[in-house]
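Here's the letter readout for the chains.
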Protein chains: 2
Amino acid sequence: MIRTVQFRFGSAGPWSTTRTTTIAGAPLDGANGALDIVEDGATRPAALTLRGVASNVRYATRAELTQLRAVQEDLGRPAATCAALIPITKSAEWWALSQDERRAIFEEQSHHNATGLRYLPQIARKLYHGRDLGEPFDFLTWFEFAPEHEGLFDDLVGALRASPEWAFVTREVDIRLRRSPSD
Amino acid sequence: MIRTVQFRFGSAGPWSTTRTTTIAGAPLDGANGALDIVEDGATRPAALTLRGVASNVRYATRAELTQLRAVQEDLGRPAATCAALIPITKSAEWWALSQDERRAIFEEQSHHNATGLRYLPQIARKLYHGRDLGEPFDFLTWFEFAPEHEGLFDDLVGALRASPEWAFVTREVDIRLRRSPSD
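These numbers were taken from a predicted model, which means no experiment stands behind them. (Residues numbered from 1 in each chain as written. Chains lettered and ligands numbered in written order. Predicted model: local features only at pLDDT ≥ 70, side-chain atom pairs only at ≥ 80, totals over all residues. Heavy atoms only, no water.)

Novice: Account for the interface of chain A and chain B, with residues named and values stated.
Specialist: Accessible area lost upon the coming together of the parts serves often as the stated size of an interface. Every contact between the two is made by 25 residues of chain A and, on the other side, 25 residues of chain B. Summing both partners gives a buried area of about 2,000 Å² for chain A against chain B, and 46% of it is carried by carbon and sulfur. A per-residue breakdown of the area chain A buries against chain B is headed by Asn56, Arg62 and Asp132 of chain A, which together make up 28% of the total. Between the two partners, chain A and chain B, sit 4 salt bridges. In this structure, the connection of chain A to chain B is made through 16 residue pairs in polar contact (both at pLDDT 80 or more). Listed by contribution, the elements that provide at least two residues to the side of chain A that touches chain B are helix H1 (62-71), helix H2 (92-96) and helix H3 (99-109) of chain A. In terms of residue count, the dominant contributor to the side of chain A that touches chain B is H3 of chain A (4 residues). For the side of chain A that touches chain B, the per-class residue count stands at 11 nonpolar, 7 polar and 7 charged. (Contact = heavy atoms within 4.5 Å. Buried area = accessible area lost by both parts, 1.4 Å probe. Salt bridge = Lys/Arg side-chain N within 4 Å of Asp/Glu carboxyl O. Polar contact = N/O pair within 3.5 Å; in protein donor to acceptor, adjacent residues only side chain to side chain. Helix = DSSP H or I, 4+ residues; strand = E, 2+ residues; numbered from the N terminus. Nonpolar A, V, L, I, M, F, W, Y, C, P; charged D, E, K, R; others polar.)

Encoded structure:
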């Protein structure tokens with residue numbers, strides 16, 4: 001069963017925003033304070049709510065999935081007290097491309113999965129899709145890592161942002177968060 | 001801008017249901033009477049509302065898109081007074097496949113695009129995605145054709161239903177409709 005996940009910024013939640021940086025396009029008002037991530041369908045008031053669904057994979061081959069799943073770790077590790085929420089929107093030109101054209105840019109030219117693999121298992125990751133929901137962001141990418149791996153995470157997003165795929169990114173906001181180890 | 005389309009069965013609308021056949025899975029209550037297709041976001045009462053979004057292509061290559069677009073015709077042709085709405089759901093097994101596995105079943109094994117191409121331009125077609133919206137059907141496929149091409153349309157759906165891809169279809173309802181030529 002497909003479930004919509006809500007990232008709710010406001011006064012309550014286990015995560016605290018430490019820094020919000022606009023990488024491309026319009027800034028995102030309200031992406032600060034506490035963050036709660038809820039999986040039920042109820043819409044409750046919040047300063048800012050971003051929605052997405054964990055859907056099927058769009059580009060990865062079976063060989064890539066096998067490689068990634070052999071190494072990746074789950075969200076919620078006790079030591080992973082740092083997180084990043086990176087909402088991303090791609091251009092109309094990207095979405096008008098055929099499947100083989102998008103795949104070629106994503107992996108053969110930009111090595112998106114291969115790059116991600118190099119940062120496993122330290123960086124745990126989950127992708128949510130918002131475009132078909134009519135959300136302002138096509139993707140919400142959520143990452144968790146230990147404080148000592150923040151530099152590694154910066155390398156990962158730097159490598160992706162330097163790739164040909166990122167020429168199609170029209171809006172990107174990089175929201176860093178912390179939670180207390182006792183949470 | 002992504003827009004959700006609503007297929008609303010009830011008392012008013014340009015299309016009239018002539019026959020509803022359950023092909024696989026549970027029957028669909030309320031798929032009869034008049035049908036209205038609305039593109040705005042308002043939710044109004046109806047006996048049955050099915051929702052979907054016209055999203056980016058998921059499998060077609062550039063070569064296939066070029067072939068299809070050179071021949072296909074738009075919806076709304078005056079002579080196309082027959083239509084079919086075929087809501088489809090695929091299994092969890094299908095959605096757990098990798099992109100290359102789904103593509104191979106869709107085209108290399110089942111010739112989905114190649115089969116559709118053989119029935120152009122007589123059959124006009126549009127696909128809406130419902131899975132990420134949490135709808136009961138993963139896809140809503142809408143077809144329009146002239147009355148003299150109903151046999152051709154039956155051949156098309158017959159060919160698809162006999163393909164390996166259809167082993168993954170867990171629910172399918174075939175709703176046939178007519179409108180008056182003056183509409």
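Novice: Kindly report on the side chain of histidine 112 of chain B, identifying the contributing residues and their values.
Specialist: With respect to the secondary-structure elements, histidine 112 of chain B resides in helix H4 (residues 112-118). Residue classification places histidine 112 of chain B among the buried positions, given a relative accessible area of 11%. (Buried < 20%, exposed > 50% of the residue type's maximum accessible area, 1.4 Å probe, protein only.)

Novice: Please give an account of the packing of aromatic side chains that cites residues and values.
Specialist: Residue and element names in this part refer to chain A. In this structure the tally under the stated criterion is 18 aromatic pairs over all chains. By way of ring pairs, the aromatic residues Phe7, Trp15, Tyr128 and Trp142 are connected into one cluster. A cation over a ring is seen here: lysine 90 above tryptophan 94, with NZ or CZ 3.9 Å from the ring centre. (Phe/Tyr/Trp six-rings, centres within 6.5 Å; stacked < 30°, edge-to-face > 60°. Lys NZ or Arg CZ within 6 Å of the ring centre and 35° of its normal.)

Novice: Let's hear about the pairing of strand S2 (residues 15-24) of chain B: which residues, and what values?
Specialist: Residue and element names in this part refer to chain B. Sheet topology places S2 next to strand S3 (residues 34-38); 2 bridges connect them, and they run antiparallel. Counted as the bridge partner of tryptophan 15 is leucine 35 from S3. Looking at chain direction, S2 and strand S8 (residues 169-178) are connected through 7 bridges and run antiparallel. The residue of S8 that forms the bridge with threonine 22 is valine 173. (Pairing = 2+ DSSP bridges.)

Novice: Could you give an account of the relation of the copies chain A and chain B, naming the residues involved and the relevant values?
Specialist: In screw terms, the move from chain A to chain B is a rotation of 180° and a rise of 0.0 Å along the axis, fitting with an RMSD of 0.0 Å. In the structure described here, the two chain copies are related by an operation that fits a two-fold rotation axis. Of all interface residues in chain A, 100% are interface residues in chain B too; the two copies therefore contact each other through one and the same surface. (Least-squares fit on C-alpha atoms with pLDDT ≥ 70 in both.)

Novice: How would you sum up the side chain of arginine 58 of chain B? Please name residues and give values.
Specialist: By the element assignment, arginine 58 of chain B lies in the loop between strand S4 (48-53) and helix H1 (62-71). For arginine 58 of chain B, the side chain forms a polar contact with the side chain of aspartate 132 of chain A, separated by 3.1 Å. In this structure, arginine 58 of chain B is in contact with Arg58, Gln99 and Asp132 of chain A together with Gln99 and His129 of chain B, ignoring residues within four places of it in sequence.

Novice: Describe the environment of threonine 17 of chain A, with residues and values.
Specialist: Residues and elements named next belong to chain A. Structurally, threonine 17 is set in strand S2 (residues 15-24). Those residues within four positions of threonine 17 in sequence are excluded, and the remaining contacts are Phe9, Ala31, Asn32, Gly33, Ile175, Arg176 and Leu177. Of the polar contacts made by the side chain of threonine 17, one reaches the backbone oxygen of glycine 33; its length is 2.8 Å.

Novice: I'd like to hear about the pattern of salt bridges, residue by residue, with values.
Specialist: Where side chains of opposite charge bring their charged atoms close, a pairing between them can arise. Taken as a whole and judged by the stated rule, the model has 26 salt bridges over all chains. For glutamate 150 of chain A, the salt bridge goes to arginine 178 of chain A, with nearest N and O atoms at 3.9 Å. Of this pair, glutamate 150 of chain A sits in helix H5 (residues 150-161) while arginine 178 of chain A sits in strand S8 (residues 169-178), and the two are 28 residues apart along the sequence. Note that lysine 90 of chain B is salt-bridged to glutamate 165 of chain B, the shortest N-O span being 2.5 Å. Taken together, the positions of lysine 90 of chain B in strand S5 (residues 82-90) and glutamate 165 of chain B in the loop between helix H5 (150-161) and S8 put the pair 75 residues apart, joining distant regions of the chain.

Novice: So what's going on with the environment of glutamate 107 of chain A? Which residues, and what values?
Specialist: Residues and elements named next belong to chain A. Within the secondary structure, glutamate 107 is located in helix H3. C-alpha of glutamate 107 to C-alpha of proline 164: the two residues are 57 residues apart in sequence and 9.9 Å apart in space. Apart from residues lying up to four places away in sequence, glutamate 107 is in contact with Glu64, His112, Asn113 and Ala114.

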